[in-house]
Structure formats: C-alpha cells, structure tokens
Amino acid sequence: MSPISAIRRGAVLLVGLALAAGAAGQSFPTKTVSLMVPYPAGGASDYLARQVQADYQKHLGQPVIVDNLGGVSGALGTQKVLSALPDGHSQVLVTPIEAMLAPFSLSAVKYKPEDLRLASLIATTPIVLLARKDIPASNLDEFLTWAKGKDVSYGSVGPGSLYHILGEKMATRAGLKMTHVPYKGGTQLITDIGGGQIDVAFFALAGPVPGMINGQRVRAIAVTSGKALPTWPAIKPFAQTKRFEDFVLDIWAGVAVPRSTPDEAVARINRAIEETLKNPAIRKNIEDAGSTVAKPMSTLELNDFYASQVTEYRKLFKSINFQPQ
C-alpha cells in the first residue's frame, strides 16, 4: 500500500470513528434511566424527583425510574451511581450535602466532589434558623441579645452536616456558647425543636417547616438567602445583621452524573429537565413546597457553578476545623 493510500485509509477510519462516537452520544437514552435519590422515600429530595419524573421521561423519550437508596449521609446512593457505566443512564439527584459535605466529613466516603458532573439544576431552597417557640426573639438581633451569656443547644442531622457547620459558624461569628446536639435524621430533630427539647436548629425552609412556622410551633429567626423572600417577607436575612453580611447560602438540588459521562448525554439531560420545568403545574408544586425553581443554565455554566460551589463549601467546611470521622 502506498503512503498516500495509507493516509487516506487512516483518514477514513478517523472519520468513521468520529461519526460512530457522535451517533452513540446522540442516541442517548437507549434504555430505562435510573434517577437515584440517595435517601429513603418521602423526603425532600424524593419529592422533587417524583415531581419531575413523568415529564422528564416524556422529554427524554425513555422510562425514568426513581430509585431510593439511603445511608451514609446520602453517599451510599451517590456511590452506586458513580460505580455504574458513565453513559448517562445512571443519574443521581444531589444537593451539596451528598456531593460535597459527605466526602469532606466522612472518611468512609471515597469519592470526591469532582467525580460528579452537574447536568441540571431543579430547585433552590433557603435555609432558616428555627428556635423553640418560647424564646423571646423574632429576628436575629433579638436572638443574639437573648443568647448572650447562655449555653444554647442547637441540633443538626449529624457531625459534619451542613446544619452542624452553620451552627458552629454562627456561634463563632457571634461569640456565643453553643452546644451541638447531633441527631440521626431530620424527623426527630424537627419534632424536638417543635417540642422545646432543644433551643435552635438550621433547617431547609421546605417540607414540614413552613407549616410549623405558620402554626407558631417554632419561631423563624432568620434566613440565609441574600435578600428577603417574597413569600416570607417577615423573616429577615442574616445578611442584614452586622457581622453576618456574608452569611448567605441556599440549598440547591439537581441531576448529576459521573464526570466522564459524554457531553452529548449531559446536554440531553439538561434540555429534558429544562423542558420539564416549564410545566406550570410542576413549578407550582415545587414552589408550594417552599423551594424556588432554578433558572436554566447551559452545561458550561453548570460546570462553572459547580466548581464555585465546591470551593465555597470546602471553605465553609474548613472554617470550623472539622476533622473527618
């Protein structure tokens, strides 16, 4: 074979491989998609997944099954997805808790935040500082005045959890004496603060929390959003109080896949979720539960957003000098 013929043959082979790779990416999905919720059924993440499930599978063109696998602060289900074939058919509904805080705080978790790629955002939820109902405070300034000189108990869903970190950061920032009371889950924690067994706790402003605030079973002290929430104008942001100007943090939830998932599959997931979230009924259900539907982002924008979130949460985690357990 002449050198020119060899070159031509090589060029044809390269073109063929490129076309085959493109076709493989464009063909996604070719089978049932698993959307992992790394918690038992019935929680906030499970609610979001099941809200989008029907329309999401319609826009993907394949069935979408919501799988639940709880354990290790959401890391067990997340690891199962990371161990699957990275072709887009195995997805996980993540928040910063599973994607970042679990690997930061638990030595048993072997994956890194960078092992995941965020394909879409679904919703964001502000975090509220709740207090037992008999604490004489209706805002952060009043609470700080009441707490000065006291030993304040605060609950969280476990050491190294986001709510633990926020409690420690608040105590340090305000110079308060606060005792951490860890719980195994949110259900008992919200029950105990409603019953007055602990003083305060951070919680997502969703699920049962809005009803408890409206029913005056707990007091809402402040939210971590950057500005006042239109639906909760009476709850002032931390950022409006001196020394807490940068105390701004929302919980986001989105669909993630293993980092090596093809770009074409990631783009298809992104478009399908974007179309799903245009449904007015889905948007209303998400917002009625206390969350805000996320604004659409391109895959490149999501890459930048996720990288910035990893940096921000790593900095937040290190701010309390927590050692992985």
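Residues numbered from 1 in each chain as written. Predicted model: local features only at pLDDT ≥ 70, side-chain atom pairs only at ≥ 80, totals over all residues. Heavy atoms only, no water.

## A short note on helix H6 (residues 162-174)
Stage number 1. In this model H6 runs 18 Å from its N-terminal to its C-terminal C-alpha over 13 residues, within 8% of the 18 Å that 1.5 Å per residue would give.
Stage number 2. For H6, the set of buried residues is Leu162, Tyr163, His164, Ile165, Leu166, Gly167, Lys169, Met170, Ala171 and Ala174.
Stage number 3. One or two residues past the end of H6 sits Gly175, with phi positive at roughly 70°. (Helix = DSSP H or I, 4+ residues; strand = E, 2+ residues; numbered from the N terminus. Expected span 1.5 Å × (residues − 1). Buried < 20%, exposed > 50% of the residue type's maximum accessible area, 1.4 Å probe, protein only.)

## Brief notes about the pattern of salt bridges
Stage number 1. Tallied over the entire structure, the rule returns nine salt bridges.
Stage number 2. Residues Asp263 and Arg117 are paired through a salt bridge, measuring 2.7 Å at the closest nitrogen-oxygen approach. Of this pair, Asp263 sits in helix H9 (residues 263-276) while Arg117 is found in strand S4 (residues 116-132), placing the two residues 146 residues apart along the sequence.
Stage number 3. On the basis of relative accessible area, Arg117 is assigned to the buried category, the value being 7%.
Stage number 4. A salt bridge links Asp134 to Arg132; the nearest nitrogen and oxygen atoms lie 2.6 Å apart.
Stage number 5. The exposure class of Asp134 is exposed, given its relative accessible area of 54%.
Stage number 6. Among the residues examined, Arg132 registers a relative accessible area of 16% and is labelled buried.
Stage number 7. Through salt bridges with shared partners, a single network forms among Arg132, Asp134 and Asp199. (Salt bridge = Lys/Arg side-chain N within 4 Å of Asp/Glu carboxyl O.)

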